[in-house]
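Structural characterization, general
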Amino acid sequence: MHWKARLVKYWAYLSMGLVTAIILFLFGYVFYQGADTISWEFLTQAPSGAVLGEEGGIWPAIVGSLFFTATAVVLGSIPAVATALYMVFYCKSRRLELLVRMVVQCISGIPSIVLGLFAYSFLVRDLGWGRCILSSGVALAIMILPFIEVRAEKAFHELPAQMVQSSYALGCSRWYTIRKIVLPACKGELVSGIILGGCYAMGATAPMIFTGAVAYAKVPTSLMQPAMALPMHLYLLLAQGVTSMDTAYATAFVMMGLILLSNLLATIYARRSQKKWRIH
Amino acid sequence: MENTLTLHHVSASYDGKAVLEDISLEIPAHGITAIIGPSGCGKSTLLRCMNGMLREEKGTGISGEILLGGQDIQKMEPEQLRRRVGLVFQTPAPFPFSIYRNMTYALRYYGVRDKKELDRQVREKLEMAGLYEEVSQELDKSAHKLSGGQQQRLCIARALTVEPEVLLLDEPCSALDVKSSSVIERMLVQLKERYTIVIVTHNIAQARRISDHVAFLFGGRLVEFGTTAQIFSEPREEQTRDFLEGIYG
Ligand SMILES: Nc1ncnc2c1ncn2[C@@H]1O[C@H](COP(=O)(O)OP(=O)(O)OP(=O)(O)O)[C@@H](O)[C@H]1O
Ligand SMILES: [Mg+2]
């Protein structure tokens, strides 16, 4: 092999190894630090202690995070997938397509704290929703919308064009084609994109600080209540200093565990449905 | 003249680049019209004009008039038009379902639910495409597991399920061996009793064998149109003669 090609190969191997090592170390470190504090009580009890979170558990934060995430996923993925469908199957004007793409890119460029600010001043204050899961959910939904849209659009584009056109050529409407061919064929990728978007929302703190996440709350029962959230809780524990370091690591452990698990499920699901679709 | 296709001064472009220029043509009913010409001359584009598919793509421009049985296709609902003018693509694109569901896909869309009727249609159309005997025992098999030639015949059969008046075929034999090709050729000759057929082909001998009329396209223009006998025995244009003698390949 040419020495340049060989160099590039070694460089690629080296960087791959390095990145893998860093990631493994990061996960290992957090898991190691947090493992001691993790217990059944920690997972199922509310936080307590003289300084909040020093003792007790994080149950309300786990449930709260799931609420925030679910709200964001529902509110974000529907318009995201609809936009992607429009872009690929309905839009006939190149200019409009460019415009929509630019808007989506702009949204993905908005710093998440600015989304928090917007949700705070518009939803919490002006519309009078107050600090609640829904207000944060909207901010998070806007944040993950471009993320999901880009993935959905990519999945739609990768379908064999002639398969879709064959359906049109039989006189079937776009909607029938989308329902019977496009969505089933892309289901795996769509679901996995949406789950990954959910992970992204679950880890974000900035959009919910002023809009719905609070230092302490009971397990939420409606979307119009404020709630605790894992990243927010982690942030507060860190801000409190040395005394709550252990619970901070344990919280991070749970959060990363949840995100890792969702990622894994998303990947497995995408694989399986893709396989199924191919064989059938 | 129920299901003739008539083109008046049809031009088409992709992103402002002209691909078809001023094509006027009358495709006779109940016959096979072959479109021949070198690669890239606009044959596929012409077919996609005829079933209104080109109009729906991004960045395309079309002018001129296309009449189906005297009716302007611009004024027809796109779905209605495509039900009457079927198109089979250059590469077979079966849906990733079973053979049976490929065949019933469009029928279900048009509201046929009765199992007996569906079975009957599936069988009849597969027989027309000369595929029934080969697959009758395994209609539940994935269409993707068929051979290339079988897939192409499945796609033709699928196009027939909606009972089109005109059937457009874009190089249906380009990926097939001699035997599969001749099966398809025989099928087309039988089908012309019922349908008006337009076939794009690179195979000059094939055009000669099965077609009644030939249109020769070159660089986006219609150079010559005539009966097969006339085109092959005494082409009027020099370009046609050169092409048939294999100069452009
Ligand atoms: N989607 C498209 N966008 C832009 N240009 C296109 C597109 N499809 C075709 N063209 C151009 O239009 C011209 C005609 O293409 P067309 O596919 O109709 O040729 P063809 O005669 O069918 O060729 P072949 O025999 O190779 O299939 C070509 O120059 C091609 O580059
Ligand atoms: Mg072509």
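These notes cover the structure that comes with them. (Residues numbered from 1 in each chain as written. Chains lettered and ligands numbered in written order. Predicted model: local features only at pLDDT ≥ 70, side-chain atom pairs only at ≥ 80, totals over all residues. Heavy atoms only, no water.)

From N to C terminus, chain B includes ten helices and ten strands. At 18 Å, chain B has a C-alpha radius of gyration in line with the 18 Å of a compact globule built from 249 residues. When the backbone C-alpha atoms are referred to their principal axes, chain B occupies close to 55 × 40 × 35 Å. A buried classification covers 55% of the 249 residues belonging to chain B. Each charge sign in chain B was given a centre, from 30 positive and 34 negative side chains, and these centres are 6 Å apart. (Helix = DSSP H or I, 4+ residues; strand = E, 2+ residues; numbered from the N terminus. Rg over C-alpha atoms; globule rule 2.2 N^0.38 Å. Buried < 20%, exposed > 50% of the residue type's maximum accessible area, 1.4 Å probe, protein only. Lys, Arg positive; Asp, Glu negative; His and termini not counted. Charge placed at Lys NZ, Arg CZ, Asp CG, Glu CD.)

The subject of this paragraph is the site of ligand 1. All names here are of chain B. Around ligand 1 lies a shell of 13 residues, among which Ser-39, Gly-40, Lys-43, Ser-44 and Thr-45 are the nearest. The contact in question runs from a nitrogen atom of ligand 1 to an N or O atom on the side chain of Tyr-14, over 3.3 Å. Among the secondary structure elements, those contributing two or more residues to the shell around ligand 1 are strand S2 (17–27) and helix H1 (43–50). It is H1 that contributes the most residues to the shell around ligand 1, three residues altogether. For the shell around ligand 1, the class distribution of residues is three nonpolar, seven polar and three charged. (Near = heavy atom within 4 Å. Polar contact = N/O pair within 3.5 Å; in protein donor to acceptor, adjacent residues only side chain to side chain. Nonpolar A, V, L, I, M, F, W, Y, C, P; charged D, E, K, R; others polar.)

This next bit is on a positive patch on the surface. A surface patch of positive charge is lined by Arg-179 and Lys-180 of chain A together with Arg-101, Arg-108 and Arg-113 of chain B. Residue assignment for the positive patch shows that the elements contributing at least two residues are helix H8 (174–203) of chain A together with helix H3 (99–109) of chain B. For Lys-180 of chain A, the position within the fold is in helix H8. On the basis of relative accessible area, Lys-180 of chain A is assigned to the partly exposed category, the value being 30%. (Patch = residues over 30% accessible without salt bridge, like charges linked within 9 Å, V, L, I, M, F, W, Y side chains within 5 Å. Areas by Shrake-Rupley, 256 points an atom, 1.4 Å probe, with all protein chains shown as cover. Salt bridge = Lys/Arg side-chain N within 4 Å of Asp/Glu carboxyl O.)

Glancing now at the sheet that holds S2 of chain B. Residue and element names in this part refer to chain B. In spatial order, the strands read S2-S1-S4-S5; together these four strands make up an open sheet with antiparallel pairing. At either end of the open sheet lies a strand with only one pairing partner, and these are S2 and strand S5 (71–72). Strand direction decides the pairing type here: strand S1 (residues 5–14) and strand S4 (residues 60–68), joined by eight bridges, are antiparallel. Residue pairing for S4: Ser-13 is matched across the bridge by Gly-61. (Pairing = 2+ DSSP bridges.)

This part takes up unusual backbone geometry. Residues and elements named next belong to chain B. One non-glycine residue, His-30, lies in positive phi territory at about 50 degrees. With respect to the helices, strands and loops of the structure, His-30 is situated in the loop between S2 and strand S3 (32–36). Overall, His-30 belongs to the partly exposed group, its relative accessible area being 41%. Positive phi is not limited to glycine here, since Glu-171 has a value of about 40 degrees. Here Glu-171 lies in the loop between strand S7 (166–170) and helix H7 (178–191).

For the rest of this paragraph, the subject is the interface of chain B and chain A. Accessible area lost during the coming together of the parts is what is often quoted as the interface size. In this assembly, 34 residues from chain B lie in contact with 26 residues from chain A. Summing the contributions of chain B and of chain A, the shared interface buries around 2,500 Å²; its carbon and sulfur component is 56%. Contact with chain A buries surface across chain B, with Lys-58, Pro-96 and Tyr-105 of chain B losing the most and accounting together for 29% of the total. Remark: the boundary between chain B and chain A carries three salt bridges. Notably, a salt bridge pairs Glu-97 of chain A with Lys-58 of chain B, separated by 3.3 Å at the nearest N-O pair. There are twelve residue pairs in polar contact (both at pLDDT 80 or more) connecting chain B and chain A. Listed by contribution, the elements that provide at least two residues to the side of chain B that touches chain A are helix H2 (78–84), strand S6 (85–88), H3 and helix H6 (148–160) of chain B. Here the element with the most residues in the side of chain B that touches chain A is H3 of chain B; it accounts for four residues. Across the side of chain B that touches chain A, the residue classes tally to 15 nonpolar, seven polar and twelve charged. (Contact = heavy atoms within 4.5 Å. Buried area = accessible area lost by both parts, 1.4 Å probe.)

Bringing a nonpolar patch on the surface into the picture now. All names here are of chain A. Taken together, Tyr-86, Tyr-90, Leu-96, Leu-99, Met-102, Val-103 and Trp-175 make up a surface patch of nonpolar side chains, about 660 Å² in accessible area. Listing elements by their share of the nonpolar patch, those giving two or more residues are helix H3 (59–90) and helix H4 (94–109). Of note, Tyr-86 is situated in helix H3.

Take the pattern of salt bridges next. Under the defined criterion, the tally for this structure stands at 23 salt bridges over all chains. One salt bridge in this structure joins Lys-154 of chain A and Glu-158 of chain A, with 3.4 Å as the shortest N-O distance. On the criterion of helical spacing, the pair formed by Lys-154 of chain A and Glu-158 of chain A is a turn pair, its members being four residues apart in helix H6 (residues 133–158). The salt bridge involving Lys-75 of chain B is made with Asp-72 of chain B; its shortest N-O contact spans 3.5 Å.

Looking now at the nonpolar core. Counting residues in hydrophobic clusters, the biggest one holds 58 residues, and the most contacted among them are Phe-89 and Phe-156 of chain A together with Ile-35 and Met-50 of chain B. Here this core gets seven residues from one element, more than from any other, and that element is H8 of chain A. If we ignore the near neighbours within four places in the chain, the residues touching Met-50 of chain B are Leu-5, Leu-7, Ile-27, Ile-35, Ile-66, Ile-73, Leu-81, Val-85 and Leu-168 of chain B. Within the second largest apolar cluster, 44 residues are counted, among which are Ile-32, Ile-184, Met-187 and Val-223 of chain B. (Core = buried A, V, L, I, M, F, W, Y, C linked by side-chain atoms within 4.5 Å.)

Position of Arg-84 of chain B among the secondary structure elements: in helix H2. If we ignore the near neighbours within four places in the chain, the residues touching Arg-84 of chain B are Leu-68, Gln-71, Met-76, Pro-164, Glu-165 and Val-166 of chain B.

Another aspect to go through is the sheet that holds S3 of chain B. Residue and element names in this part refer to chain B. The strand order across the open sheet built from six strands is S6-S7-S8-S3-S9-S10, with neighbouring strands paired in mixed fashion. Edge strands, defined here as strands with exactly one partner in the open sheet, are S6 and strand S10 (221–227). Direction aside, neighbouring strands of the sheet carry axes that sit 15 degrees apart on average. Relative to S7, S6 runs parallel, the two sharing four bridges. Across the sheet, the residue bridging to Val-88 is Leu-169, located in S7. (Axes fitted to C-alpha atoms, helices over the stretch in contact; angles between N-to-C directions.)

Let us now look at the environment of Ile-27 of chain B. Positionally, Ile-27 of chain B belongs in strand S2. Not counting chain neighbours up to four residues away, the residues in contact with Ile-27 of chain B comprise Thr-4, Leu-5, Thr-33, Met-50, Thr-196 and Val-198 of chain B.

Here the largest pocket defines a volume of roughly 480 Å³. In terms of lining, the largest pocket is formed by 18 residues, of which the most central are Val-88, Phe-89 and Gln-165 of chain A together with Glu-57 and Lys-58 of chain B. Of all the secondary-structure elements, those providing two or more residues to the lining of the largest pocket are H3, H6 and helix H7 (161–169) of chain A. Per-element accounting of the lining of the largest pocket gives the leading share, four residues, to H7 of chain A. (1 Å grid on protein atoms, 1.4 Å probe; cavity = no way out; pocket = protein on both sides within 12 Å on 5 of 7 lines; lining within 4 Å. Points joined across faces, edges and corners; volume = space filled by probe spheres on them.)

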